[in-house]
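Observations on the model geometry
Residues per chain, in single letters:
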Amino acid sequence: MGYLAYYFLGKVYRAQKELEKARESFEYCLEIEPGFKDAKEELKVVEIDLKQSGYPDETNFSCETCGNCCRTKLINISHKDIKNILKNRPDLKPDDFLKIMPINKAFLPDKYEKEFFISAGNKRHWLVLEKKENSNDCIFLTDNNYCSIHEFKPLACKVWPFSLRQTDNKIVWSKNDRDFIAQYCAHTIKNNANDPEEIKMDLEKYTNERKEYYEVISKWNKQASDSVFGEQFWNFILSDSN
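Residues numbered from 1 in each chain as written. Predicted model: local features only at pLDDT ≥ 70, side-chain atom pairs only at ≥ 80, totals over all residues. Heavy atoms only, no water.

This paragraph deals with the overall build of the protein. When its secondary structure is counted, the protein shows 10 helices and 7 strands. By principal-axis analysis of the C-alpha atoms, the protein measures approximately 55 × 40 × 35 Å. Buried residues in the protein amount to 39% of all 242 residues. Across the protein, the fraction of contacts at a sequence separation of at least 24, relative to all contacts at a separation of at least 6, is 67%. Charge centroids of the protein, computed over 37 positive and 40 negative side chains, lie 2 Å from each other. (Helix = DSSP H or I, 4+ residues; strand = E, 2+ residues; numbered from the N terminus. Buried < 20%, exposed > 50% of the residue type's maximum accessible area, 1.4 Å probe, protein only. Contact = heavy atoms within 4.5 Å. Lys, Arg positive; Asp, Glu negative; His and termini not counted. Charge placed at Lys NZ, Arg CZ, Asp CG, Glu CD.)

It is worth spelling out the pairing of strand E5 (residues 162-165) at this point. Pairing geometry for E5 and strand E6 (residues 170-173), over 4 bridges, is antiparallel. Note that in E6 the partner of Arg 165 across the bridge is Lys 170. Adjacent in sequence and paired antiparallel, E5 and E6 are bridged by 4 residues, among which Asn 169 carries a positive phi angle near 60°. (Pairing = 2+ DSSP bridges.)

For the coordinates displayed, the defined rule picks out 19 salt bridges. Put simply, Glu 42 and Lys 11 hold a salt bridge, and the shortest N to O gap is 2.9 Å. Of the two residues, Glu 42 sits in helix H3 (residues 37-52) while Lys 11 sits in helix H1 (residues 3-15), which places them 31 residues apart along the sequence. According to the relative accessible area criterion, Glu 42 is buried, its value standing at 10%. For Lys 11, a relative accessible area of 33% gives the class partly exposed. Of the charged contacts in the structure, one is a salt bridge between Glu 42 and Arg 14, with a shortest N-O distance of 3.1 Å. Of this pair, Glu 42 sits in helix H3 while Arg 14 is found in helix H1, placing the two residues 28 residues apart along the sequence. When salt bridges that share partners are traced, they join Arg 23, Glu 27, Glu 47, Glu 58, Arg 165, Asp 168, Lys 170 and Arg 178 into one network. (Salt bridge = Lys/Arg side-chain N within 4 Å of Asp/Glu carboxyl O.)

Before going further, it helps to spend a moment on a negative patch on the surface. On the surface, Asp 195, Glu 197, Glu 198 and Glu 204 cluster together into a patch of negative charge. Looking at Asp 195, the relative accessible area reads 43%, which means it is partly exposed. (Patch = residues over 30% accessible without salt bridge, like charges linked within 9 Å, V, L, I, M, F, W, Y side chains within 5 Å. Areas by Shrake-Rupley, 256 points an atom, 1.4 Å probe, with all protein chains shown as cover.)

In this section: the environment of Val 216. With respect to the helices and strands, Val 216 occurs in helix H9 (residues 196-223). Each residue touching Val 216, except ones within four places of it in the same chain, is listed here: His 79, Phe 236, Ile 237 and Asn 242.

Here we come to H1. With 13 residues, H1 extends 19 Å between its outermost C-alpha atoms, agreeing within 8% with the 18 Å of an ideal straight helix rising 1.5 Å per residue. Immediately downstream of H1, the backbone of Lys 17 shows phi near 65°, a positive value. (Expected span 1.5 Å × (residues − 1).)

At a minimum axis separation of 8 Å, helix H5 (residues 79-88) and H9 run at an interaxial angle of 100°. Taken together, the axes of H5 and H9 are roughly perpendicular relative to one another. Taking contact as the criterion, the partners of His 79, Lys 80 and Asp 81 in H5 are, on H9, Glu 209, Glu 212, Tyr 213 and Val 216. Class assignment for the residues of the contact of H5 with H9 results in 2 nonpolar, 1 polar and 4 charged. (Axes fitted to C-alpha atoms, helices over the stretch in contact; angles between N-to-C directions. Parallel < 35°, antiparallel > 145°, perpendicular 65-115°, else oblique. Nonpolar A, V, L, I, M, F, W, Y, C, P; charged D, E, K, R; others polar.)

For the bond from Trp 160 to Pro 161, the omega torsion is 5°, close enough to zero to count as cis. Considering the arrangement of structural elements, one finds Pro 161 in the loop between helix H7 (155-159) and E5. Within the chain, Thr 65 stands out as a residue other than glycine whose phi angle is a positive 50°. Tracing the sequence through the fold places Thr 65 in the loop between strand E1 (61-62) and helix H4 (68-72). Although it is not a glycine, Asn 145 sits at a positive phi angle of roughly 70°. Relative to the helices and strands, Asn 145 is located in the loop between strand E4 (123-129) and H7.

A word on the confidence of the model for the protein. Any region with low pLDDT has predicted coordinates that should not be read closely. Considering every residue of the protein, the mean pLDDT works out to 88; 91% of them sit at 70 or more. Taken element by element, the predicted model of the protein shows its lowest mean pLDDT in strand E3 (residues 118-120) (73) and its highest in H5 (96). (pLDDT = per-residue confidence, 0-100.)

A separate point is the packing of aromatic side chains. Applying the stated criterion to the full structure yields 15 aromatic pairs. Plain terms: the ring middles of Phe 97 and Phe 140 are 5.8 Å apart, the flat faces sit at 50° to each other, and that makes the pair tilted. Taken together, the residues Phe 97 in helix H6 (residues 94-97) and Phe 140 in the loop between E4 and H7 connect sequence positions 43 residues apart. These aromatic residues form a ring-pair network of at least three members: Tyr 55, Phe 61, Trp 160, Phe 162, Trp 173, Phe 180 and Tyr 184. (Phe/Tyr/Trp six-rings, centres within 6.5 Å; stacked < 30°, edge-to-face > 60°.)

Structural data, given as structure tokens:
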């Protein structure tokens, strides 16, 4: 859909008092057309309405270690995340906790650039944390729902479920995660649960490291053979020059 379609859909949802759907529609509108002032104003009004209706301040999200995000989500990981894990867990090798997974780009949003994917022939892959054998659990999830690498876990895990909305630099839950949080995440809302400035710093760091990762993968894709993974790939992305 175009930005105007999202805009008018948002107005319909707002008129029907479906405020969360209205907010999401205006957010999608502004992703496509960031300078659309009418959508910015509508989004401000909807968020005031949400606050007045008792919708929580999303920065007050508090994890209750249900472990459901660690069971259901694929965790994209950067070269710097890998280096950090290996530094703190020298007993591990990349193949012990990483998976290079084929993916059908047709099922992904258009905003994903080709540099995000590791190329091999006509297929694209992405780099994710491995799951336990015969399970959807993250390989680092313990039996009591704690992360065994919590102190040095990937930035994608550290910043979840937050994102920094580009149109107004506001910390919000990622649009794609709001339904998951409502249905499957045993979180609580606690006043001052997080430091907004710390969240912003982590999100900015995450964004910058992803850009660096895209550059590394782009270089790999230009020089790699059609199907070479394994030691050659790990040596390349984990080299001191990256």
